[in-house]
There are 2 protein chains.
Amino acid sequence: MYKLLKQSGRARRGEFDTPHGKVQTPVFMNVGTQGAIKGALSARDLREIGCQVELSNTYHLHVRPGDRLIREMGGLHRFMTWDGPILTDSGGFQIFSLASLRKIKEEGVYFNSHVDGRHIFMGPEESMRIQSNLGSDIAMAFDECVKIPSPYEYVKRSCERTTRWLQRCKAALDAYNSESDAVNPGQVLWGINQGAVFHDLRIAHMQEIAELDLPGYAIGGLAVGETHREMYDTIEAVEEYMPKDRPRYLMGVGTPSNIIESVARGVDFFDCVMPSRNGRHGHLFTWNGVININNRKYERDPEPIDPLCACPACARYSKSYIRHLLKAQEPLALRLMVLHNLFFYNELMRRIREALEQGTFAAFRAEYSGKLSERI
Amino acid sequence: MYKLLKQSGRARRGEFDTPHGKVQTPVFMNVGTQGAIKGALSARDLREIGCQVELSNTYHLHVRPGDRLIREMGGLHRFMTWDGPILTDSGGFQIFSLASLRKIKEEGVYFNSHVDGRHIFMGPEESMRIQSNLGSDIAMAFDECVKIPSPYEYVKRSCERTTRWLQRCKAALDAYNSESDAVNPGQVLWGINQGAVFHDLRIAHMQEIAELDLPGYAIGGLAVGETHREMYDTIEAVEEYMPKDRPRYLMGVGTPSNIIESVARGVDFFDCVMPSRNGRHGHLFTWNGVININNRKYERDPEPIDPLCACPACARYSKSYIRHLLKAQEPLALRLMVLHNLFFYNELMRRIREALEQGTFAAFRAEYSGKLSERI
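(A) The arrangement of the interface of chain B and chain A in detail. Taken together, the contact pairs 39 residues of chain B with 38 residues of chain A. Both faces considered, chain B and chain A share a buried interface measuring about 3,500 Å² in area, 53% of it formed by carbon and sulfur atoms. Linking chain B with chain A are six salt bridges. The partner of Arg300(A) in a salt bridge is Glu72(B), with the nearest N and O atoms 2.7 Å apart. For the pair chain B and chain A, the interface holds 18 residue pairs in polar contact (both at pLDDT 80 or more). Secondary structure elements with two or more residues in the side of chain B that touches chain A: α1 (43-48), α3 (67-72), α4 (76-80), α12 (319-327) and α13 (331-358) of chain B. Among the elements that take part in the side of chain B that touches chain A, α12(B) stands out by supplying five residues, more than any other.

(B) A look at the relation of the copies chain B and chain A. For the pair chain B and chain A, the relating rotation is 180 degrees, the translation along its axis is 0.0 Å, and the fit reaches an RMSD of 0.0 Å. On the angle and the small slide along the axis, the relation comes out as a two-fold axis. If distances are taken from each C-alpha of chain B to the rotation axis, the shortest is found for Ala40(B), at 3.5 Å. Counting the interface residues of chain B, we find that 97% of their copies in chain A are interface residues as well, pointing to one common contact surface.

(C) The arrangement of the packing of aromatic side chains in detail. Under the definition given, this model contains 32 aromatic pairs over all chains. Between Trp190(A) and Tyr249(A), the ring centres sit 6.3 Å apart and the planes meet at 65 degrees, which makes this aromatic pair edge-to-face. Of the two residues, Trp190(A) is situated in strand β11 (residues 188-193) and Tyr249(A) in strand β13 (residues 248-250); the sequence distance between them amounts to 59 residues. Considering the side-chain rings of Tyr152(B) and Phe198(B), the 5.1 Å spacing of their centres and the 70 degrees angle between planes classify their relative orientation as edge-to-face. With Tyr152(B) in helix α7 (residues 152-177) and Phe198(B) in the loop between β11 (188-193) and α8 (199-210), this pair connects stretches of sequence that are 46 residues apart. A residue is classified by how much of its surface remains accessible, and Tyr152(B), at 32% relative accessible area, is partly exposed. Members of the aromatic cluster, connected to one another through ring pairs, are Phe28(A), Phe285(A), Trp287(A), Phe344(A), Tyr345(A), Phe364(A) and Tyr368(A). Between the NZ or CZ atom of Arg47(A) and the centre of the ring of Trp82(A), over which it lies, the distance is 4.4 Å. Just above the ring of Tyr176(B) sits the side chain of Arg129(B); from NZ or CZ to the centre is 4.2 Å.

(D) Representation of the pattern of salt bridges within the structure. One pass over the structure, following the stated rule, counts 58 salt bridges over all chains. With a closest N to O distance of 3.0 Å, Glu48(A) and Arg44(B) form a salt bridge. Placement of Glu48(A) in helix α1 (residues 43-48) and of Arg44(B) in helix α1 is noted, with the two residues assigned to different chains. Its relative accessible area of 36% is what places Glu48(A) among the partly exposed residues. Judged by its relative accessible area of 33%, Arg44(B) is partly exposed.

(E) Representation of the pairing of strand β15 (residues 283-286) of chain A. Residues and elements named next belong to chain A. Going residue by residue along β15, you find His283 and Phe285 tucked away on one face and Leu284 and Thr286 tucked away on the opposite face as well. Where β15 lies against strand β16 (residues 289-292), four bridges are found, and the strand directions are antiparallel. Looking at the pairing, Leu284 lines up with Ile291 of β16. Here β15 folds back onto β16, and the loop between the two strands holds two residues.

(F) Local environment of unusual backbone geometry. Following Arg64(A), the chain continues to Pro65(A) via a peptide bond in cis, the omega torsion being 10 degrees. Positionally, Pro65(A) belongs in the loop between α2 (58-63) and α3 (67-72). Here Val253(B) and Gly254(B) are connected by a cis peptide whose omega angle stands at 0 degrees. With respect to the helices and strands, the residue Gly254(B) is situated in the loop between β13 (248-250) and α10 (256-263). Its identity as a non-glycine residue notwithstanding, Ala40(A) has a phi of 65 degrees, on the positive side. Here Ala40(A) shows up in the loop between β4 (27-31) and α1. Take Ala40(A): its relative accessible area is 1%, and that puts it in the buried class.

(G) Expanded view of the sheet that holds strand β9 (residues 119-122) of chain A. Residue and element names in this part refer to chain A. The strand order across the open sheet formed by three strands is β7-β8-β9, and the pairing between neighbours is antiparallel. Single-partner strands in this sheet number two, and they are β7 (100-104) and β9. In this sheet, adjacent strand axes meet at a mean angle of 15 degrees when their direction is disregarded. Of the strand pairs in this sheet, β7 and strand β8 (residues 109-112) are connected by three bridges, and their pairing is antiparallel.

(H) Up close: helix α13 (residues 331-358) of chain A. Residues and elements named next belong to chain A. Compared with an ideal rise of 1.5 Å per residue, which puts 28 residues at 40 Å, α13 spans 41 Å between its outermost C-alpha atoms and is within 8% of the ideal. A large share of α13 lies buried, amounting to 21 of its 28 residues. With its phi angle positive at about 70 degrees, Gly359 sits one or two positions after the end of α13.

(I) Geometry of the sheet that holds strand β5 (residues 54-56) of chain A. Residues and elements named next belong to chain A. Spatially, β4-β5-β6-β10-β11-β12-β13-β14 is the arrangement adopted by the eight strands of the closed barrel, whose pairing is parallel. Looking at each pair of strands side by side, their axes are set apart by 30 degrees on average, direction ignored. Two strands pair when backbone bridges link them, and strand β12 (residues 217-219) and β13 are joined in this way by three bridges, in the parallel orientation. From the neighbouring strand, Ile219 faces β13, where its bridge partner is Leu250. Across the sheet, helix α6 (residues 124-134) lies against β6 (86-88), β10 (138-140) and β11, angled at about 160 degrees from β10, the strand it touches most.

(J) Just the environment of Met242(B), in detail. Residue placement: Met242(B) occurs in the loop between α9 (228-239) and β13. For Met242(B) and Glu347(B), which are 105 residues apart along the polypeptide, the C-alpha to C-alpha distance reads 27 Å.

(K) Local environment of the environment of Leu326(A). All names here are of chain A. Among the structural elements, Leu326 can be located in helix α12 (residues 319-327). Note on Leu326: relative accessible area 16%, which makes it buried. Residues Leu326 and Gly84, 242 residues apart in the sequence, show an inter-C-alpha distance of 31 Å. In contact with Leu326, not counting residues within four places along its chain, are Arg280, Gly282, Ile293, Asn294, Ala333, Leu334 and Met337.

(L) View of the packing of helix α9 (residues 228-239) of chain A against helix α10 (residues 256-264) of chain A. Residues and elements named next belong to chain A. Axis separation between α9 and α10 bottoms out at 10 Å; the angle between their running directions is 25 degrees. One element, α9, and the other, α10, form an angle in the roughly parallel class. Remark: the crossing between α9 and α10 carries right-handed chirality. On α10, the residues that touch His228, Met231, Tyr232 and Ile235 of α9 are Ser257, Asn258, Glu261 and Ser262. By residue class, the composition of the contact of α9 with α10 is three nonpolar, four polar and one charged.

(M) Representation of the nonpolar core within the structure. Ranked by size, the top nonpolar core spans 242 residues in total, and within it Tyr249(A), Ile352(A), Tyr249(B) and Ile352(B) carry the most contacts. Apart from residues no more than four positions distant in its own chain, Ile352(A) is found in contact with Pro26(A), Ile259(A), Ile260(A), Val263(A), Phe361(A) and Phe364(A).

(N) The pairing of strand β3 (residues 21-25) of chain B, seen in detail. Residues and elements named next belong to chain B. When strand β2 (residues 11-18) meets β3, the two strands line up antiparallel, connected through five bridges. Bridging from a neighbouring strand, Asp17 pairs with Lys22 of β3. Linking β2 back to β3 in an antiparallel pair, the connection comprises two residues.

What counts as what
Residues numbered from 1 in each chain as written. Chains lettered and ligands numbered in written order. Predicted model: local features only at pLDDT ≥ 70, side-chain atom pairs only at ≥ 80, totals over all residues. Heavy atoms only, no water. Contact = heavy atoms within 4.5 Å. Buried area = accessible area lost by both parts, 1.4 Å probe. Salt bridge = Lys/Arg side-chain N within 4 Å of Asp/Glu carboxyl O. Polar contact = N/O pair within 3.5 Å; in protein donor to acceptor, adjacent residues only side chain to side chain. Helix = DSSP H or I, 4+ residues; strand = E, 2+ residues; numbered from the N terminus. Least-squares fit on C-alpha atoms with pLDDT ≥ 70 in both. Phe/Tyr/Trp six-rings, centres within 6.5 Å; stacked < 30°, edge-to-face > 60°. Buried < 20%, exposed > 50% of the residue type's maximum accessible area, 1.4 Å probe, protein only. Lys NZ or Arg CZ within 6 Å of the ring centre and 35° of its normal. Pairing = 2+ DSSP bridges. Axes fitted to C-alpha atoms, helices over the stretch in contact; angles between N-to-C directions. Expected span 1.5 Å × (residues − 1). Parallel < 35°, antiparallel > 145°, perpendicular 65-115°, else oblique. Left-handed = near helix turned anticlockwise from the far one by under 90°. Nonpolar A, V, L, I, M, F, W, Y, C, P; charged D, E, K, R; others polar. Core = buried A, V, L, I, M, F, W, Y, C linked by side-chain atoms within 4.5 Å.

Here is the structure:
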């Protein structure tokens, strides 16, 4: 399902097949947590801004409106009218970051909903059941995302449990896919590597989960407080133990620089709420660095956010107008800023792919890796 | 500038020329208070949902971002990238409904900004200066919108002052239009009839302001608490004193039924925040009546808001999905609901015009006047 088209150092230009079409990698997945991108973007907008893969959150959709409802409505693709590939996370990350009163047991996690406090249990089988009901193209394994720092012994035992959970995820999803009324029987499971910043644990865990021969592998548990240096070192340590013929997904990362640097270290898939969240606060990416449109100097600026950008916001609107909308708390401000930032990220990936194809990735990295994340 | 194309009883099918194109009447103006429709709609969206005239609020834009800034940015058309006709109100209505500590004098009104409390003075010349800076196609006269009920004597004196203010508005706008750097030198002034629900005062005032031979006249000061019956009676009383060869604008009205009934009484222009405001709360217009999408019965409804509707929301999305977005506080819910409601209003006017052209307005009125405002 993954085809490596070209390589430049460790950086890879590839292609991944899903039941809803091919994905050109490296790729940034656009995060629509609850089945929509925050900022009033619709599935139609996602097409227009060059999104290849939409990512939704299992935990959120399970809590509201409920995965059974979405299944009845024909699955998440139909519910949100997005006919391209969808990846769903396992719910694990949100359980560990949002839910309260959680208890981790061998069977899974007991916790209270962040919306109405009701008791929920989720283990590997429940996560797979929910993701099967949603009918995403790529289901992520149910894992424990350990916080950094955590004691070595705790991380070791957690990784062992995550491996056992992964085996249960695989068995469960195989079973759900074989049901005659499966929403998306071609749905695949990707495993997640954990181990905090302990390289030996990362490697051992990666070797264990590689044995399950899954169609894709993620590096989880990074971008949770460690330094960029620690993150890059961990990727470098684990990358050579990841199957070469499977895509690699670095979960929850990151800035444009993080992405360029991680592509250089062999990563293919990315996701992050940064472009939409920062966009909503007026922090906007340009090919010269990050601007803060709240700045007084843009009050009378008739130019678009980035004169080099072809997004729907830059095609029509001035910084002066968008800044006014933001100050006046007009929802259109959020929409235009999120359209711009996500377009920027999708375009960044397109240019990374182009550079890889043309053998110019090293020059691209040298030009943009520092610049794109700098505030100007 | 106004051409009466066809008449059916008192109902009129007409056409009005502006510097930014012809307006087919009867027409509903889409309200973008601060230079954008609340609900994350852009000028591009307005085109798509059939908007003919955009309406912005002088008071709001004067307070934030300031009319001088908009003038520097090339005027409101360019600022918000809307190249169709724009009408601006005078600021009077907001001064009387939003601002605090206001004092009405012969020269104008002293009040405090609702945003930052700063002292502002606005009289006829100031209102015209601001509207000239905004460069709208139709500038509305600066008037006092008296509340209902008010004592007869107060209303009488207020109308006399409003007439004197209108004369000053006319002189001021003529002067501003003749300046070499006028933003929109073809901008015209419409007068506003006042008089609360006192028919003799309404008529006397209408006769006075008709003498100024302005290109359009509005009925102001209605839809502020009187009954629908009082409103219709007042329109009927004053209508025959309004020039036949000028468009008539009923300010701030109203429900679909109010619009159909007022068209039947000779009104050509309408505006109201109802479709966008109610839309944001999930109250959605359909050709069978008004639905509340918060209702539990829509939780698993795979149908669009109105299967008879061709709006961008109904073309793709189910009630189930939109209801989920609303419950989950996703901004996309607001956008889809406002797109739908405004499209509905614009389509309502198109069908009214069509019925007038085909001589079937009486049947249209009989079928829809009651039904469209009923909750179902």
